[in-house]
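# Coordinates in review
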Amino acid sequence: MKAPTSKLSSLQPEPLAAWAKEAINRAKSGQFPAYLPLLAQADREGFAVQIRAIDGQFFGFGSAEKTFPLMSVVKPFVLLYLLCELGETAVFDNVGCEPSELPFNSLNQLQTDKGKPRNPMINSGAIVLASLIPGENAVSRCQNLLEWLNERANSQLFVDELMLDSVNATPNQNNLDLALEMVESGYIQDSEIALETYNRVCCLAGTVTDLAKLGMLLVNSGDRAISEHSRTVKALMATCGLYQASGRFAVRVGLPTKSGVSGAILSVIPGEGAIGCYSPPLDKEGNSIGGLFLLEQIAKALRLSVFD
Ligand code: GLN
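Everything in this summary refers to the structure shown in the same document. Position labels on residues start from 1 in each chain and follow its written sequence. Residue-level local features of this predicted model are given only where pLDDT is at least 70; pairs of side-chain atoms are given and counted only at 80 or more, and the full residue set underlies all totals for whole chains, interfaces and linings. The side-chain values count all of the structure's non-hydrogen atoms but skip hydrogen atoms and water molecules.

### Things to note about the layout of surface pockets
Our working rule: Both site types are read off a 1 Å grid over the protein atoms alone. A 1.4 Å probe that fits but cannot get out defines a cavity, while an open set with protein on both sides within 12 Å along at least five of seven lines defines a pocket; lining residues have an atom within 4 Å of a point. Grid points are joined across faces, edges and corners, and a volume is the space filled by probe spheres set on the points. What counts as a helix is a DSSP run of H or I of at least four residues, what counts as a strand is a run of E of at least two, and both are numbered from the N terminus. When residues are grouped by polarity, Ala, Val, Leu, Ile, Met, Phe, Trp, Tyr, Cys and Pro land in nonpolar, Asp, Glu, Lys and Arg in charged, and all others, Gly among them, in polar.
One number sums up the size of the largest pocket: a volume of about 370 Å³. Taken together, 19 residues make up the lining of the largest pocket; nearest its centre are Val167, Pro171, Asn172, Asn175 and Asn199. Of all the elements in the fold, those that place two or more residues in the lining of the largest pocket are helix H7 (161–169), helix H8 (173–184) and helix H9 (191–202). Among the elements that line the lining of the largest pocket, the one with the most residues is H9, at 4 residues. Residue classes in the lining of the largest pocket are distributed as 11 nonpolar, 8 polar and no charged.

### Quick word on the nonpolar core
So the rule is basically this: Buried Ala, Val, Leu, Ile, Met, Phe, Trp, Tyr and Cys residues that are joined via side-chain atoms within 4.5 Å together make up what is termed a nonpolar core. In this scheme, a residue with accessible area under 20% of its type's maximum is buried, one over 50% is exposed, and one in between is partly exposed, where area comes from a 1.4 Å probe on protein chains only. Contact between two residues is taken to exist if any of their heavy atoms lie within 4.5 Å; hydrogens are not considered.
If you look at the biggest cluster of nonpolar residues, it comprises 72 residues, and the most contacted ones within it are Met71, Leu79, Leu80 and Ile127. Setting aside chain neighbours within four positions, we find Ile127 in contact with Asn175, Leu178, Ala179, Met182, Ile188, Ala194, Leu195 and Tyr198. In this structure, Leu255, Ile275, Leu295 and Ala299 belong to the second largest nonpolar core, which totals 28 residues.

### Side note on the packing of helix H5 (residues 123–132) against H8
For any two helices packed against each other, the geometry is given by the interaxial angle and the distance between the axes. Rules: Lines fitted to the C-alpha atoms define the axes, with helices restricted to the stretch that makes contact. Angles between their N-to-C directions range from 0 to 180 degrees. Angles below 35 degrees are treated as roughly parallel, those above 145 as roughly antiparallel, those between 65 and 115 as roughly perpendicular, and all remaining angles as oblique. Each crossing gets its handedness from the near helix: less than a right angle anticlockwise from the far helix is left-handed, clockwise is right-handed.
At a closest axis distance of 10 Å, the pairing of H5 and H8 adopts a crossing angle of 60°. Taken together, the axes of H5 and H8 are oblique relative to one another. Relative to H8, H5 is oriented so that their crossing is right-handed. Between H5, through Asn123, Ser124, Ile127 and Val128, and H8, the contact on the second element is made entirely by Asn175, Leu178, Ala179 and Met182.

### Re the sheet that holds strand E8 (residues 273–278)
Selection rule: Two strands pair if DSSP finds at least two bridges between them.
A sheet is described by the order of its strands in space; here 5 strands give the open sequence E2-E1-E8-E7-E6, paired in antiparallel fashion. For this open sheet the edge positions go to strand E2 (58–62) and strand E6 (257–259), each flanked by a neighbour on one side alone. Geometrically, the sheet is characterised by an average inter-axis angle of 10° between neighbouring strands, direction not taken into account. Sheet analysis places strand E7 (residues 264–269) next to E8, joined by 6 bridges and oriented antiparallel. Counterpart to Ala264 in the pairing with E8 is Tyr278. Helix H1 (residues 13–27) rests against strand E1 (48–53) and E2 of the sheet, and its axis sits at about 40° to E2. The strands that helix H10 (residues 208–220) touches are E1, E7 and E8; relative to E8, the one it contacts most, it runs at about 150°.

### Observations concerning the pattern of salt bridges
Stated formally: In the sections that follow, a salt bridge refers to a side-chain nitrogen of Lys or Arg positioned within 4 Å of a carboxyl oxygen of Asp or Glu.
Per the counting criterion, the structure on display carries 11 salt bridges. Arg26 is paired through a salt bridge with Glu22; the nearest N and O atoms lie 2.8 Å apart. Taken together, the residues span about one helical turn, with Arg26 and Glu22 both in helix H1 at a distance of 4 residues. Note that Glu285 is salt-bridged to Lys284, the shortest N-O span being 3.8 Å. Three or more residues are tied together by salt bridges with common partners; here these are Glu101, Asp113 and Arg118.

### Details of unusual backbone geometry
Although it is not a glycine, Met71 adopts a positive phi angle of roughly 50°. Topologically, Met71 is positioned in the loop between strand E3 (68–69) and helix H2 (75–86). The phi dihedral of Asn154 falls on the positive side, at around 60°, and the residue is not glycine. Looking at the secondary structure, you find Asn154 in the loop between helix H6 (138–153) and strand E4 (158–159).

### Considerations on the environment of Leu80
With respect to the secondary-structure elements, Leu80 resides in helix H2. The class for Leu80 is buried, based on a relative accessible area of 0%. With residues up to four places along the chain from it excluded, the contact list for Leu80 reads Trp148, Leu217, Leu218, Ile226, His229, Ser230 and Val233.

Purely geometric stuff here, so don't read any function into it on its own.
Written as C-alpha cells, this is what we have:
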C-alpha cells in the first residue's frame, strides 16, 4: 500500500534555508536561562531543524548532529507514557488540564490552584508526573521512560550527564518550593525522588532527528495505547505547551507545540508529520525565538494550522 502523501513533502529547500537564516538572525536578541549555567553557554547562533512527513520523507537544515537536552519538551512524553502505563484517572487525579496564565515555574499559580498543578506542561505538573513514573529510584524511573520512548519512537535519546551534573550543582529553589507545596497539598509523597526524577528526565537529550521522531509518535505510532492517548497529549500541547503564549500561538500558527528552556521546540501536524527545531535563545516566556519564527513561516506557507 502506498503511504499517504503529506503537505510537508512539498516544502522546498530554498525557502526553508531562507527562513532558517532569518530565524538565526532574530534569535540573536534572545536570552538564556541564567539559572541553568550550562544552558547559558549555548551557541547563540546554533540552529537545527528536521521535518518528518507521514509518507516517510524527512529533511532539514542546520546542525543535524548537534545534541541538546529536551528540558520541558519531555513533558508531553512523560504524560503520554503515564497515560499508557497508568491510565487517565491516575494521571488527571493528580494534574489539571487547564491553560496557565503565569510563568512555567510559578509558585503563585500553584498556590492559586490550591496545590494541584494546573496542567502537565508547566513545572509543577511535570514534577507530579515524575513522581508517578514507575521505578524504585530516579535512575530506574528515567531509564524506564527512556527505553519506552526509544523503543517506540526509534529514537536514540540518552541522559546528558554533564547537563545533569550542572543542574544538580545549581539547586533550583523555585522547583523545590513547588515540590514542597505539593507535598503539603498531598499531591506528592516524596519531594526528593520527584525532583530527582524530574531533573533527570529534563536532561534526556538527542538531536532534532530524535525530536521529530518523538513527534511522530503522536502522529502515526501504530501502537494502540499511544494512538488512544495521543489526542489528549496533542490537545494539551496546543492549549498549554507554550505556557502563557499558547493562545497567541494557536491563533497565529495553530499547531500543537511544546518548548523547552534549552531552545528545543516540537510541533506536531496531525495527519501530516512533525517538526523538531533547536535554536537556544529564548523570549520572555521561555520559548525559542528562532523556533517560533520558523514554525510560523512553515505553517503559513503550507497552510498547516489545525484550525484551517
Ligand atoms: N528543567 C527546567 C526547569 O525546571 C525545565 C523548564 C523548561 O524547559 N521550561 O526549569
